[in-house]
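So the chains spell out like this:
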Amino acid sequence: KLGVKIAPSILSADFARLGDQVREVEAAGADRIHVDVMDGHFVPNLSMGAVVVRSLRPVTRLPLEVHLMVEEPGRFLDGFVAAGADTLIVHLEVLPDPRSMLEHIRRGLGKRCGLAINPDMPVERLRPYLRDIDVALCMTVFPGFGGQSYIPESTRRIAELRRWIAAEEAECELEVDGGIDAQTIVEAARAGANVFVAGTAIFSDPQGPAAAVQRLAEYAR
Ligand code: DX5
Ligand code: ZN
């Protein structure tokens, strides 16, 4: 059975209390911190940059995973690495030569690398790269905003990706991102996902982020 990992997305955190919120999810057992970077071009919104990673680095021992929803990820990699990022996730849609980018992240920068795909892209497109990545990120909403609803067809896509990962004997994680909550996490886990990004379901939980992290981990198992 796959190890379940919870990755709180700080996009939905209270930025005025960001350090405390990150400490809180760490104490509750979160496995990594997911940092959503948006450039207003690849997605119709702006979010945050490497300065946030730099500020968080001394606050937590958790790995910092950067999800680059940007048109030209290559321009920003060095800055995120210098700031303390552990994992760099780039979108397949913007890469003319995915293999050289993955090689650059892993070999050149020595970081974990991930490939993300949007809901309208056939998941087979990831297949040739599954053995060259640490994380396959299946978007379960169209990226750009927190708080959207999980797209139901995602479940079939997760299951298909899980089959490709098995067929390729790849060792990458299968991560899902968008609209993950106590209901959808069960469905995504059954389909074969093992890493779960959640923003709203964690940072807007009435009982607080710590309780939410623990509950999500329980439901995913
Ligand atoms: C989508 C981002 C997600 C998002 C998740 O644009 O990549 O990480 O913040 O947020 P929720 O869990 O609120 O859908
Ligand atoms: Zn994300």
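As the structure is a prediction and not an experimental result, all values here were calculated from the model. (Residues numbered from 1 in each chain as written. Chains lettered and ligands numbered in written order. Predicted model: local features only at pLDDT ≥ 70, side-chain atom pairs only at ≥ 80, totals over all residues.)

Brief notes about unusual backbone geometry
Even without glycine at this site, E169 takes up a positive phi of about 50°. Relative to the helices and strands, E169 is located in the loop between helix 5 (154–167) and strand 7 (173–177). (Helix = DSSP H or I, 4+ residues; strand = E, 2+ residues; numbered from the N terminus.)

Re the site of ligand 1
The environment of ligand 1 is made up of 22 residues, and the closest members are L11, P143, G146, G199 and T200. Counting residues per element, the ones that place at least two in the shell around ligand 1 are strand 2 (33–38), strand 8 (195–198) and helix 7 (200–203). Residue composition of the shell around ligand 1, grouped by class: eight nonpolar, 12 polar and two charged. (Near = placed C-beta within 6 Å. Nonpolar A, V, L, I, M, F, W, Y, C, P; charged D, E, K, R; others polar.)

Let's talk about the UniProt feature "active site" (unreviewed entry) in the protein chain
Those residues carrying the UniProt feature "active site" (unreviewed entry) are D36 and D177 in this numbering. A maximum C-alpha distance of 10.4 Å among these annotated residues, which run over 142 residues, shows that they cluster at one spot. If you trace the backbone, D36 turns up in strand 2. You can call D36 buried: it has 25 C-beta atoms within 10 Å. (UniProt positions renumbered as here; feature names shortened; annotations may be inferred. Buried ≥ 20, exposed ≤ 12 C-beta atoms within 10 Å, placed from the backbone.)

Some details on the UniProt feature "binding site: substrate" (unreviewed entry) in the protein chain
UniProt's entry tags S9, H67, G144, F145, G146, G147, D177, G178, G179, G199 and T200 with the feature "binding site: substrate" (unreviewed entry), counted in the numbering of this structure. Assignment of secondary structure puts G144 in the loop between strand 6 (135–139) and helix 5. In this fold, G178 is placed in the loop between strand 7 and helix 6 (184–191). With sequence-adjacent residues up to four places away left out, G178 is seen in contact with M139, T140, V141, Q148 and Y150. (Contact = placed C-beta atoms within 7 Å.)

Overview of the environment of L88
Positionally, L88 belongs in strand 4 (residues 87–91). We classify L88 as buried; it has 27 C-beta atoms within 10 Å. A sequence separation of 64 residues divides L88 from P152, and the C-alpha atoms of the two residues are 27 Å apart. With sequence-adjacent residues up to four places away left out, L88 is seen in contact with V66, L68, L77, F80, I105, K111, C113 and G114.

Describing the sheet that holds strand 8
An order of 1-8-7-6-5-4-3-2 is seen for the eight strands of this open sheet, with the pairing classed as parallel. What marks the edges here is a single partner per strand, and that holds for strand 1 (5–8) and strand 2. The sheet shows a mean angle of 25° between the axes of neighbouring strands, direction not considered. Alignment of strand 2 against strand 3 (residues 64–69), held across six bridges, turns out to be parallel. (Pairing = 2+ DSSP bridges. Axes fitted to C-alpha atoms, helices over the stretch in contact; angles between N-to-C directions.)

Overview of the nonpolar core
In this structure, V66, L88, I133, A136, C138, F196 and L216 are the most contacted members of the largest nonpolar core, which totals 68 residues. Among the elements that line this core, the one with the most residues is strand 6, at five residues. (Core = buried A, V, L, I, M, F, W, Y, C linked by C-beta atoms within 7 Å.)

Re the environment of M139
In this fold, M139 is placed in strand 6. For the pair M139 and I202, spaced 63 residues apart in sequence, the C-alpha separation works out to 18 Å. In contact with M139, other than residues within four places in its own chain, are A116, I117, N118, P119, D177 and G178.

Quick word on the packing of helix 5 against helix 6
With their axes 8 Å apart at the nearest point, helix 5 and helix 6 run at an angle of 30° to one another. Considered as vectors, helix 5 and helix 6 are oriented roughly parallel to each other. As for how helix 5 packs across helix 6, the hand of that crossing is right-handed. Counting all contacts with helix 5, which are made through T155, I158, A159 and R162, the residues of helix 6 involved are E187, A188 and A191. Of the residues belonging to the contact of helix 5 with helix 6, the class tally is four nonpolar, one polar and two charged. (Parallel < 35°, antiparallel > 145°, perpendicular 65-115°, else oblique. Left-handed = near helix turned anticlockwise from the far one by under 90°.)

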